[in-house]
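Chain by chain, the residues:
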Protein chains: 2
Amino acid sequence: MLSKKCKYAIHALVYLTERYEQGPVQIQDISEKKHIPKKFLEAILLELRHANILESKKGKGGGYYLVKKPTDVNLMQVMRLIDGPIALLPCVSINYYERCDECKNEKSCGIRDSLLSVRDETLQILSDATLAKIVKRERQMKLN
Amino acid sequence: MLSKKCKYAIHALVYLTERYEQGPVQIQDISEKKHIPKKFLEAILLELRHANILESKKGKGGGYYLVKKPTDVNLMQVMRLIDGPIALLPCVSINYYERCDECKNEKSCGIRDSLLSVRDETLQILSDATLAKIVKRERQMKLN
DNA sequence: TAAAAGTCTACTTAATCAGTAGACTTTTAT
DNA sequence: ATAAAAGTCTACTGATTAAGTAGACTTTTA
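Now for a look at the structure at hand. Model, not experiment: these values are computed from the prediction.

**Let's talk about the relation of the copies chain A and chain B**
Superposing chain A onto chain B requires a rotation of 180 degrees together with a translation of 0.0 Å along the rotation axis, leaving an RMSD of 0.0 Å. The relationship between the two copies is best expressed as a two-fold rotation axis. Same-surface contact between copies: 100% of interface residues of chain A are shared with the interface of chain B.

Right, dumping it as structure tokens:
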């Protein structure tokens, strides 16, 4: 399961994508509309800013806004940033690889094989899910 | 990520599958061969027995053995049993469903859609990964 | 009947999750 | 100039879970 932090991050990003290039949005605003604890949200947005996904403007009239293009941010990136590994075991992880004690030979591990497939399929779907696509899908859905 | 407990459970099951219908295998044996802390392994095997995947024999010459057929036990079952939900969010979970506060309308949630795909693909792969297939794959791999 | 096995309850210890508090800095409108 | 509005940053807190451990107990068999 994703952490709540990650879920909040995604929802905040979707909110900011809906307001892309419309000036800064205040934390307070996002917090209220998306029901995310304000203080917690502050920390999350800061993290997204440090990753150069968001930028902020301080002072009155300030707030957060998306600097990357909505087509250039996807769920894989966000999940990796906030929650870390996507793979189900360290021995099939790309960014957090660690050898597995239980098997002498990784090549002949029958478990690894399936979990590699899961990882690949998951990465495929998540990297295809850009903020642009998510928001587009929501707008289309709402027409029905 | 899977818990270590779940990883241990899978490795123990594979070990018992390799010895299917060859009489009980002692905890000590599994523990040593698979490098799993014995006391921890005891708890895991007990859980698998309560789920009617394993059966045990007490007393001297006792141990654990697989009662379900190796074709009837798959990674989806084991992961659900030990770690719980497979889905990445409660709102896309089959067995642990919970409504998501952030979206007014679940149908029009653009995030949900991708995570449903991830869940479906994952379940597909994991339920196809039976103990029989895993062991078969290992045996074939070892020939090379 | 002793030794070998699994069973069960109850700890423990460390890490992570999900936040909160509060002082600080920057910016803008008056 | 300065008050108010905004984000920044460090440090804490409390609850839960992960990963085991201890130890007494029961069952079986040679």
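**Here's the deal with the interface of chain A and chain B**
It is common to give the size of an interface as the accessible area lost on bringing the parts into contact. Contacts between the two partners involve 41 residues from chain A, matched on the other side by 41 residues from chain B. The junction of chain A with chain B conceals about 3,700 Å² of combined surface from both sides, 68% of it contributed by carbon and sulfur atoms. Summed over the shared surface of chain A and chain B, the number is two salt bridges. Salt-bridge contacts for Asp113 of chain A lead to Arg137 of chain B; the nearest nitrogen and oxygen are separated by 3.4 Å. The tally of links between chain A and chain B comes to 10 residue pairs in polar contact (both at pLDDT 80 or more).

**Quick look at the packing of aromatic side chains**
All names here are of chain A. Per the stated rule, a full pass over the model turns up two aromatic pairs over all chains. Plain terms: the ring middles of Tyr8 and Phe40 are 5.8 Å apart, the flat faces sit at 85 degrees to each other, and that makes the pair edge-to-face. Of this pair, Tyr8 sits in helix 1 (residues 4-18) while Phe40 sits in helix 3 (residues 38-50); the two residues are 32 residues apart in sequence, bridging distant segments of the chain. If you follow Arg19 out to its NZ or CZ, it ends over the ring of Tyr15, 3.7 Å from the centre.

**Re the protein's contact with DNA strand C**
In the region of DNA strand C, 27 residues are neighbours, and Tyr8, Lys39 and Lys57 of chain A together with Gln26 and Tyr64 of chain B sit closest. Atoms of DNA strand C within 4 Å of the protein: sugar and phosphate make up 76%, bases the balance. Contacts to DNA strand C include Arg49 of chain B, whose side-chain N or O atom sits 2.9 Å from a phosphate oxygen. Between DNA strand C and Ser56 of chain B there is a distance of 2.9 Å, counted from a phosphate oxygen to a side-chain nitrogen or oxygen. Elements represented by at least two residues in the surface near DNA strand C include exactly helix 1 and helix 3 of chain A together with helix 3 (38-50), strand 1 (54-57) and strand 2 (63-66) of chain B. Sorting elements by how many residues they give to the surface near DNA strand C places helix 3 of chain B first, with five residues. The residue makeup of the surface near DNA strand C, split by class, is seven nonpolar, eight polar and 12 charged.

The rules behind these values
Residues numbered from 1 in each chain as written. Chains lettered and ligands numbered in written order. Predicted model: local features only at pLDDT ≥ 70, side-chain atom pairs only at ≥ 80, totals over all residues. Heavy atoms only, no water. Least-squares fit on C-alpha atoms with pLDDT ≥ 70 in both. Contact = heavy atoms within 4.5 Å. Buried area = accessible area lost by both parts, 1.4 Å probe. Salt bridge = Lys/Arg side-chain N within 4 Å of Asp/Glu carboxyl O. Polar contact = N/O pair within 3.5 Å; in protein donor to acceptor, adjacent residues only side chain to side chain. Phe/Tyr/Trp six-rings, centres within 6.5 Å; stacked < 30°, edge-to-face > 60°. Helix = DSSP H or I, 4+ residues; strand = E, 2+ residues; numbered from the N terminus. Lys NZ or Arg CZ within 6 Å of the ring centre and 35° of its normal. Near = heavy atom within 4 Å. Nonpolar A, V, L, I, M, F, W, Y, C, P; charged D, E, K, R; others polar.

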